[in-house]
Amino acid sequence: MFTLATNTLLMSTSARLRGRRVQLERRATASKAVRASLVSLAGLIGGPVTNQAGEEVGRVVDVVARLYGAEPYPPVTGLVVRVGRRHAFLPADTVEKVHSGRVALRTARLDLREYERRPGEVLLARDVLDHQLVDVDGVQVTRAADLYLAPLADRVVLVGVDVSLPTLLRRLGPRRWQSRPTPERVLDWQAMAPFAEHATDGPAQVQLRASRGALHRLRPADLADLLEDLGRAERQQLLHMLEPAAAADALEEMEPAELENLLREAEPEHAARLVEEMEPDEAVDALRDLHDDERERLLERMPAAEAGHLRRLLAYPEDTAGGAMTTLLVTARREQSVAEVRAVLAAQAEHRTEIDAIAVLDDDGRLVADVALFDLAVAEDATKVADLTGWLAQFGPSATVHPDTRLTEAAEQLVAARVSSLLVVDDEDRPLGRILADDVLDTLLPESGRLHFRRFLQ
């Protein structure tokens with residue numbers, strides 16, 4: 001069974017890699033024709049707009065695009081053009097061709113009413129150029145030095161972004177340089193997660209559909225790094241783009257000071273939902289760093305049962321096992337088979353970073369043994385848990401601590417027992433929670449920052 005699961009994992013990983021390679025090959029910027037037809041947005045701004053007779057009728061102020069839609073490449077929906085003292089809007093269907101540094105129209109008729117932004121419209125020069133973006137392929141926060149447009153099918157779309165320093169220098173040079181694209185430095189737009197100032201004016205579900213495709217591939221640790229690097233407004237937008245559970249996983253990987261600032265910046269309802277989704281021990285750590293009134297404001301916005309549970313954990317001193325434990329436990333009975341316990345574990349896959357052993361209990365809920373996942377993995381499916389714990393008994397009792405045990409003492413027991421976690425039990429040996437090795441070190445070595453063993457393991 002274990003070999004079959006390993007083979008399945010390898011096949012699944014290979015399939016994902018093949019799919020990723022196909023996705024890269026299908027990107028627009030992989031096409032030589034597209035790369036040869038790139039138009040620099042920076043070079044287009046300020047360029048002339050000419051009518052059918054070739055006469056100049058205005059100058060390009062900005063390019064309007066539908067950034068958050070179902071399309072992989074945002075279509076240009078129109079231009080904002082300065083005509084005299086007015087800023088007029090030209091729909092995309094009035095444009096004959098977008099050249100390097102200029103625009104040709106297919107009509108002589110212009111609507112000279114002053115342009116007013118509509119919900120969901122994004123001005124590429126104002127809202128995206130020189131603003132922060134997330135490069136999902138490179139897993140980094142970057143800044144758009146230039147954007148590239150290109151004809152695709154029957155319309156002009158946004159296909160790429162340039163983030164290089166030479167491009168910034170090019171924009172400072174003569175105008176004839178500004179309009180020259182640099183195809184060798186272009187990053188495909190499908191690898192970008194943008195944060196436009198007015199993006200939230202559109203329907204939320206549309207915004208999410210467009211951005212999740214790029215962001216869902218990132219690991220929690222990667223998302224945490226991005227959140228730490230983004231500006232205040234951008235990281236709040238990123239949080240809203242993620243499912244609450246995925247956002248909570250990322251928050252668990254953040255540095256405490258950064259997480260504290262993020263929770264303070266967020267709307268209380270949203271912050272409360274994120275903390276509620278975090279693992280109990282991580283949620284308690286996050287709440288401890290807030291002021292009393294801030295902490296209470298979040299707890300009041302959680303379901304009563306969840307808030308009560310976190311308050312009980314917060315009542316334990318921070319430097320004790322109770323103050324650092326997670327209450328997420330997987331338990332088993334002696335009469336169960338190993339296969340049945342594995343099925344229980346499979347149902348807890350989303351919490352895999354918090355589970356490294358199974359607590360076996362008697363009929364009164366008292367601890368019989370703490371079985372490591374390795375011992376469970378190598379046992380036969382039909383083996384009874386009672387037989388497994390009987391065999392493990394020869395190595396002595398399982399290592400446990402009480403909730404009021406100091407973390408320094410817990411660390412000593414952890415090292416002496418050569419285990420990666422300790423069960424926290426009450427006076428009658430009933431499990432209350434589990435304290436993990438990285439939680440002990442995070443608390444004992446605060447000056448070193450969070451060590452994040454889970455980040456390394458991922």
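Attention in this report is confined to the structure presented alongside it. (Residues numbered from 1 in each chain as written. Predicted model: local features only at pLDDT ≥ 70, side-chain atom pairs only at ≥ 80, totals over all residues. Heavy atoms only, no water.)

**Let's talk about the nonpolar core**
For soluble globular proteins, nonpolar side chains are generally found buried alongside one another.
Part 1 of the argument: Counting residues in each nonpolar core, the largest one holds 96 residues, and the members touching the most others are L124, L147, W189 and L251.
Part 2 of the argument: When sequence neighbours within four positions are dropped, the list of residues in contact with L124 reads L41, D62, V63, A65, L67, L129, L147, L149 and L158.
Part 3 of the argument: V338, V341, L345 and L376 belong to the second-largest nonpolar core, a separate cluster that totals 15 residues. (Core = buried A, V, L, I, M, F, W, Y, C linked by side-chain atoms within 4.5 Å. Buried < 20%, exposed > 50% of the residue type's maximum accessible area, 1.4 Å probe, protein only. Contact = heavy atoms within 4.5 Å.)

**Focus: the sheet that holds strand 9 (residues 132–135)**
Part 1 of the argument: Taken together, the three strands give an open sheet; going across it, the order is 10-9-14, and neighbouring strands pair in antiparallel fashion. One side of each edge strand has no neighbouring strand; the edge strands of this open sheet are strand 10 (140–143) and strand 14 (192–194). Averaged over all pairs of adjacent strands, the angle between strand axes in this sheet comes to 35 degrees, irrespective of strand direction.
Part 2 of the argument: Inspection of the sheet shows strand 9 paired to strand 14 by three bridges, in the antiparallel sense. Bridging from a neighbouring strand, V134 pairs with A193 of strand 14. (Pairing = 2+ DSSP bridges. Helix = DSSP H or I, 4+ residues; strand = E, 2+ residues; numbered from the N terminus. Axes fitted to C-alpha atoms, helices over the stretch in contact; angles between N-to-C directions.)

**Structural notes on the side chain of T326**
Part 1 of the argument: With respect to the secondary-structure elements, T326 resides in the loop between helix 16 (321–324) and strand 15 (331–333).
Part 2 of the argument: Judged by relative accessible area, T326 falls into the buried class, the value being 0%.
Part 3 of the argument: A polar contact is formed between the side chain of T326 and the backbone nitrogen of L328, at a distance of 3.3 Å.
Part 4 of the argument: In this structure, T326 is in contact with P280, D281, E354, G433 and R434, ignoring residues within four places of it in sequence. (Polar contact = N/O pair within 3.5 Å; in protein donor to acceptor, adjacent residues only side chain to side chain.)

**Focus on the side chain of E252**
Part 1 of the argument: Mapped onto the secondary structure, E252 falls in helix 10 (residues 244–252).
Part 2 of the argument: By relative accessible area, which is 7% here, E252 ends up buried.

**Section: the pattern of salt bridges**
Part 1 of the argument: In the structure shown here, the tally under the stated rule is 21 salt bridges.
Part 2 of the argument: Notably, a salt bridge pairs R311 with E296, separated by 2.3 Å at the nearest N-O pair. With R311 in helix 15 (residues 304–314) and E296 in helix 14 (residues 292–299), this pair connects stretches of sequence that are 15 residues apart.
Part 3 of the argument: For R311, a relative accessible area of 34% gives the class partly exposed.
Part 4 of the argument: Here R434 ties to D370 by a salt bridge, and the two come within 2.9 Å at their closest N and O atoms. With R434 in strand 20 (residues 431–436) and D370 in strand 17 (residues 367–372), this pair connects stretches of sequence that are 64 residues apart.
Part 5 of the argument: Of the residues examined, R434 reaches a relative accessible area of 2% and is grouped as buried. (Salt bridge = Lys/Arg side-chain N within 4 Å of Asp/Glu carboxyl O.)

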